[in-house]
Amino acid sequence: MAGIDRKFSAPKGISDALPHKAAVVAEATSFFSALASLYGYSPIETPLLEKTEVFERSVGDTSDIVTKQMYTFEDKGGDSLTLRPEGTAGVVRAFVEHEVYKAEALPWRVYYIGDMFRYERPQAGRYRQFKQVGAEALGAPEPEADVEQIEMCLEFLGGIGVASPKLVINSIGDSVCRPSYVAALGEFLASAKVHDRLCEECRQRSVRNPLRVLDCKKAECKKATEDSPRTLDFLCEPCRSHFEAVRAGLEAIKIEYRLDPRLVRGLDYYTRTAFEVISGGLEAAQDAVAGGGRYDGLVELFGGPPTPAVGFAVGVDRSLSAARLPESQVTTKRSLPPAVPSFAPGGFSPDVIVVEIDESARDAALLLASRIRREGLVAFVSPAGRSLKSQMKHADRAGAAAVAVLGPEELSRNEVAIRLMFEPDDYERKQVSIRLEDAGKAVREMLYGRSNEKGTTP
Ligand code: ATP
Ligand code: MG
């Protein structure tokens, strides 16, 4: 019998995760689902294959991903299909296809864990098949949503031990103010003293899609565009105040960031907030471990109603290589094994929704939600800008066990009013005022008693 004359290997840029690595990846992704649940996100699975137009339309037909990196093929029926290069387009396609906006209370918060495919030049930290975890909030116009996602992204990276994660943010405006920025940038790039120093590709980009030039990783292009116009100088009033609120929110929950007016991100669909997380432990060309931002116009582009949204994705392979992991998984310390897990399908409802009576409570609300999550309870901020009544209705529809109401009056006393959404045995407990600092623990006790049933740490 003729044998195989050479050994097979996996395709270029695509590798196996043998048990040692696969176990770490599985642990990281299950940590992500636990964390996303605390922020009120539910899992979603979209297909690995989409019609090619889904990415052409959303990611943008002048983006690097669409022009160079997609695995596209014609199937036997003659349809053009593409292996997904990223997760957002599929989520938005599903949201519109299933008319989720009609049936569900918005924001629709979903998270995914899955493999992405990009035809890139393989190198350390850059593969052709790689895993991402990501989250999207659709129907979330408020800056609170940006802040909570950035926090969740950093909690994940910090939790898996990524070395010195650095948050970089920018605002790239919207369809009102971006055109004048792009025009100014185009003019800047066209001037001979800049144009001549750009790489061949960027010379083309400078005409077709000037923003892309700022995303080029080549040192010569970075240098040539050092003095380019800044997006922040062109923001219209609503974009400017949104960005200011995002920054104030980050400061309120003590998240450090660096402002990078050149951060534009590689995908066409972004508006307003753009962010990236860089790890000090990686090579500069592959040092972004996560990226995200707003895409307020994307749902409409897919034929849905106007639905502002925000999302992010973390590269799991890249962030794990930037993480300080224990050398070996063999541990000599033994603890009592947990009980045999049981299969418990079904959704979940939030423990606490934090309601702001008006915007003056925004920062305190972000801080409070964060504090409640640290107690292992599912909590998030219900966006201001809606009446108290409509926020209460929203909390009821979402199945929240309690709401935490913050307004100017509560804040002046440094308190929060906790209102249970069910009838307790003892009616006195239906609504209580609690000092803000003690609110996390107190809410946990109100909902779960002193037991450790919900706990992360005893
Ligand atoms: P880069 O600038 O490094 O090309 P990107 O802007 O293309 O990244 P995103 O589309 O924002 O990346 O994807 C989010 C994250 O997914 C990145 O921050 C990175 O950690 C990871 N990622 C992207 N492309 C790859 C790849 N080819 N291999 C491994 N991880 C990747
Ligand atoms: Mg890329």
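Residues numbered from 1 in each chain as written. Chains lettered and ligands numbered in written order. Predicted model: local features only at pLDDT ≥ 70, side-chain atom pairs only at ≥ 80, totals over all residues. Heavy atoms only, no water.

Caption draft 1: Quick peek at the overall build of the protein chain. A count of helical and extended segments in the protein chain gives 17 helices and 16 strands. Here the protein chain has a C-alpha radius of gyration of 24 Å; the compact-globule value for 458 residues is 23 Å, and the two agree. Across its three principal directions, the C-alpha atoms of the protein chain cover 75 × 70 × 45 Å. Looking at the protein chain residue by residue over its 458 residues, the buried ones come to 51%. By element, 53% of the accessible surface of the protein chain is carried by carbon and sulfur atoms, the whole surface being about 22900 Å². Both charge centroids of the protein chain, one from 59 positive and one from 66 negative side chains, sit 4 Å from each other. (Helix = DSSP H or I, 4+ residues; strand = E, 2+ residues; numbered from the N terminus. Rg over C-alpha atoms; globule rule 2.2 N^0.38 Å. Buried < 20%, exposed > 50% of the residue type's maximum accessible area, 1.4 Å probe, protein only. Areas by Shrake-Rupley, 256 points an atom, 1.4 Å probe, with all protein chains shown as cover. Lys, Arg positive; Asp, Glu negative; His and termini not counted. Charge placed at Lys NZ, Arg CZ, Asp CG, Glu CD.)

Caption draft 2: Structural view of the sheet that holds strand 15 (residues 415–420). Ordered by their spatial adjacency, five strands build an open sheet running 13-12-14-15-16, and the pairing between neighbours is mixed. Every other strand in the sheet has two partners, leaving strand 13 (379–382) and strand 16 (431–435) as the edge strands with one partner each. Strand-to-strand twist of the sheet, defined as the mean angle between neighbouring strand axes without regard to direction, takes the value 25°. In the sheet, strand 14 (residues 402–406) pairs with strand 15 via four bridges, with the strands oriented antiparallel. Directly across from A404, in strand 15, lies its bridge partner I418. (Pairing = 2+ DSSP bridges. Axes fitted to C-alpha atoms, helices over the stretch in contact; angles between N-to-C directions.)

Caption draft 3: Broad picture of the environment of L167. With respect to the helices and strands, L167 occurs in strand 7 (residues 165–171). Put simply, L167 and E201 are 34 residues apart on the chain and 28 Å apart in space, counted from C-alpha to C-alpha. The contact partners of L167, leaving out residues within four places of it in the chain, are I150, L154, L250, I255, E256, Y257, R258, F275, E276 and V277. (Contact = heavy atoms within 4.5 Å.)

Caption draft 4: Examining the sheet that holds strand 2 (residues 49–51) more closely. Ordered by their spatial adjacency, three strands build an open sheet running 2-4-3, and the pairing between neighbours is antiparallel. Each edge of the open sheet carries a strand with a single partner, namely strand 2 and strand 3 (72–74). Mean inter-strand twist for the sheet, computed between neighbouring axes without regard to direction, equals 35°. Sheet topology places strand 3 next to strand 4 (residues 80–83); three bridges connect them, and they run antiparallel. Paired with E74 across the bridge in strand 4 is S80.

Caption draft 5: Main features of the packing of helix 1 (residues 19–38) against helix 6 (residues 143–159). In contact at an axis separation of 10 Å, helix 1 and helix 6 are set at 145° when each is read in the N-to-C sense. For the crossing formed where helix 1 meets helix 6, the hand is right-handed. Contacts from A28, F31, F32, L35 and A36 in helix 1 reach M152, E155, F156 and G159 in helix 6. Among the residues forming the contact of helix 1 with helix 6, the class breakdown is seven nonpolar, one polar and one charged. (Left-handed = near helix turned anticlockwise from the far one by under 90°. Nonpolar A, V, L, I, M, F, W, Y, C, P; charged D, E, K, R; others polar.)

Caption draft 6: Layout of the site of ligand 1. Surveying the vicinity of ligand 1 reveals 15 residues, the closest of which are R118, E120, R126, K217 and R318. Between Q132 and ligand 1, the recorded distance is 3.0 Å, taken from a side-chain N or O atom to an oxygen atom. Take G315: an N or O atom from its main chain is 3.5 Å from an oxygen atom of ligand 1. Isolated, ligand 1 exposes 590 Å² of accessible area, and the fraction of that covered by the protein chains is 93%. Broken down by element, the shell around ligand 1 gets its largest block of residues, three residues, from strand 10 (residues 288–294). (Near = heavy atom within 4 Å. Polar contact = N/O pair within 3.5 Å; in protein donor to acceptor, adjacent residues only side chain to side chain.)

Caption draft 7: Focus on the side chain of Q286. Within the element layout of this structure, Q286 appears in the loop between strand 9 (271–279) and strand 10. Ignoring any residue separated from it by four or fewer positions in sequence, one finds Q286 in contact with Q123, A124, G125, R126 and R318.

Caption draft 8: Quick look at the packing of aromatic side chains. Under the definition given, this model contains eight aromatic pairs. Considering the side-chain rings of F32 and F156, the 5.3 Å spacing of their centres and the 85° angle between planes classify their relative orientation as edge-to-face. You can see F32 sitting in helix 1 and its partner F156 sitting in helix 6, a full 124 residues away along the chain. We note that F32, like F156, is buried. Consider the rings of F32 and F312, whose centres lie 6.4 Å apart with planes at 80°: the pair is edge-to-face. One end of the pair, F32, is in helix 1; the other, F312, is in strand 11 (residues 309–315), with 280 residues separating them in the sequence. Residue F32 shares its accessibility class with F312, and that shared class is buried. The lysine or arginine in question, R109, covers the ring of F380, its NZ or CZ lying 3.7 Å from the ring centre. Here R128 stacks its cationic end above the ring of Y119, 3.9 Å away from the centre of that ring. (Phe/Tyr/Trp six-rings, centres within 6.5 Å; stacked < 30°, edge-to-face > 60°. Lys NZ or Arg CZ within 6 Å of the ring centre and 35° of its normal.)

Caption draft 9: Structural context of the side chain of S319. Summarising the element assignment, S319 is placed in helix 13 (residues 316–321). With near-sequence residues (within four places) excluded, S319 lies in contact with L157, I160, V162, V289 and V314.

Caption draft 10: Up close: helix 7 (residues 178–190). Its 13 residues give helix 7 an end-to-end C-alpha distance of 18 Å, which sits within 8% of 18 Å, the value for a rise of 1.5 Å per residue. Tucked into the core, helix 7 has its buried residues touching helix 8 (192–195), helix 9 (200–208), helix 10 (219–224) and strand 9. (Expected span 1.5 Å × (residues − 1).)

Caption draft 11: Main features of a nonpolar patch on the surface. On the surface, a cluster of nonpolar side chains totalling about 240 Å² of accessible area is made up of L48, L49 and F73. You can see F73 is positioned in strand 3. You can call F73 partly exposed: its relative accessible area is 37%. (Patch = residues over 30% accessible without salt bridge, like charges linked within 9 Å, V, L, I, M, F, W, Y side chains within 5 Å. Salt bridge = Lys/Arg side-chain N within 4 Å of Asp/Glu carboxyl O.)

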